[in-house]
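# Summary of structural features
Below are the chains, spelled out letter by letter.
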Amino acid sequence: MGADHSIEKPVIFFDGVCNLCNTSIQFIIKRDKKNRFLFSSLQSDYAKESLPNTLTEDQDLQSIILKKGNAITTKSSAVLIIAKSLSGGWPILYAFTIIPKFIRDWFYDIIARNRYKWFGKKDHCMIPSPELKSRFID
């Protein structure tokens, strides 16, 4: 799927070379039974075209990003909003929004800073299977 500025579904942007991030995307896909989300790596041309430069120029892309229309949500808030839309018991995690964002993001940042060390890194971005290709934007 190419860069289409009329995309109506929320797009989840993720670090395409991060093992934790790729595993998280696979987790979301399995629980996104209504196909609510599309996906794009932060290294993609689409990310560079549709997100502010401050979110894509950092060499250590440190945040998952959820873009719904013109609204952009990052870090722990993005994770909790995504969880709210998943099947199973995952929407209960949205209750963590009662914790102030600066506290949630402090924990998020610790994991983000150490994700390559703890979970590893790929040499290139994940290539989706043919069945999932329509849900990914290049």
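Read on for an overview of the structure.

## Focus on the sheet that holds strand 2 (residues 38–41)
Taken together, the four strands give an open sheet; going across it, the order is 2-1-3-4, and neighbouring strands pair in mixed fashion. Of all strands in the sheet, those with a lone pairing partner are strand 2 and strand 4 (71–74), marking the two edges. Adjacent strand axes in the sheet meet at a mean angle of 20°, parallel and antiparallel pairs treated alike. Across the sheet, helix 4 (residues 75–84) touches strand 1 (11–14), strand 3 (65–68) and strand 4, and the angle it forms with strand 4 is around 105°.

## Structural notes on the nonpolar core
In this structure, Ile12, Ile25, Ile28, Phe37, Phe39, Ile82 and Phe136 are the most contacted members of the largest nonpolar core, which totals 18 residues. Broken down by secondary-structure element, the contributors of at least two residues to this core are strand 1, helix 1 (19–31), helix 4 and helix 5 (101–119). With four residues, helix 1 is the largest single contributor of residues to this core. The next biggest cluster of nonpolar side chains, apart from the first, holds ten residues, and it includes Phe13, Leu42, Tyr46 and Ile65.

## Describing the layout of surface pockets
Unoccupied space between atoms shows up once a probe the size of one water molecule is rolled over them. Estimated volume of the largest pocket: approximately 790 Å³. Lining of the largest pocket is provided by 31 residues; of these, Leu20, Ser24, Ile64, Val79 and Tyr108 occupy positions nearest its centre. Counting only elements with at least two residues in the lining of the largest pocket, the list comes to helix 1, helix 4 and helix 5. It is helix 5 that contributes the most residues to the lining of the largest pocket, eight residues altogether. Looking at side-chain class alone, the lining of the largest pocket contains 23 nonpolar, five polar and three charged residues.

Here is what the cut-offs are and how they apply
- Residues numbered from 1 in each chain as written.
- Predicted model: local features only at pLDDT ≥ 70, side-chain atom pairs only at ≥ 80, totals over all residues.
- Heavy atoms only, no water.
- Pairing = 2+ DSSP bridges.
- Helix = DSSP H or I, 4+ residues; strand = E, 2+ residues; numbered from the N terminus.
- Axes fitted to C-alpha atoms, helices over the stretch in contact; angles between N-to-C directions.
- Contact = heavy atoms within 4.5 Å.
- Core = buried A, V, L, I, M, F, W, Y, C linked by side-chain atoms within 4.5 Å.
- Buried < 20%, exposed > 50% of the residue type's maximum accessible area, 1.4 Å probe, protein only.
- 1 Å grid on protein atoms, 1.4 Å probe; cavity = no way out; pocket = protein on both sides within 12 Å on 5 of 7 lines; lining within 4 Å.
- Points joined across faces, edges and corners; volume = space filled by probe spheres on them.
- Nonpolar A, V, L, I, M, F, W, Y, C, P; charged D, E, K, R; others polar.

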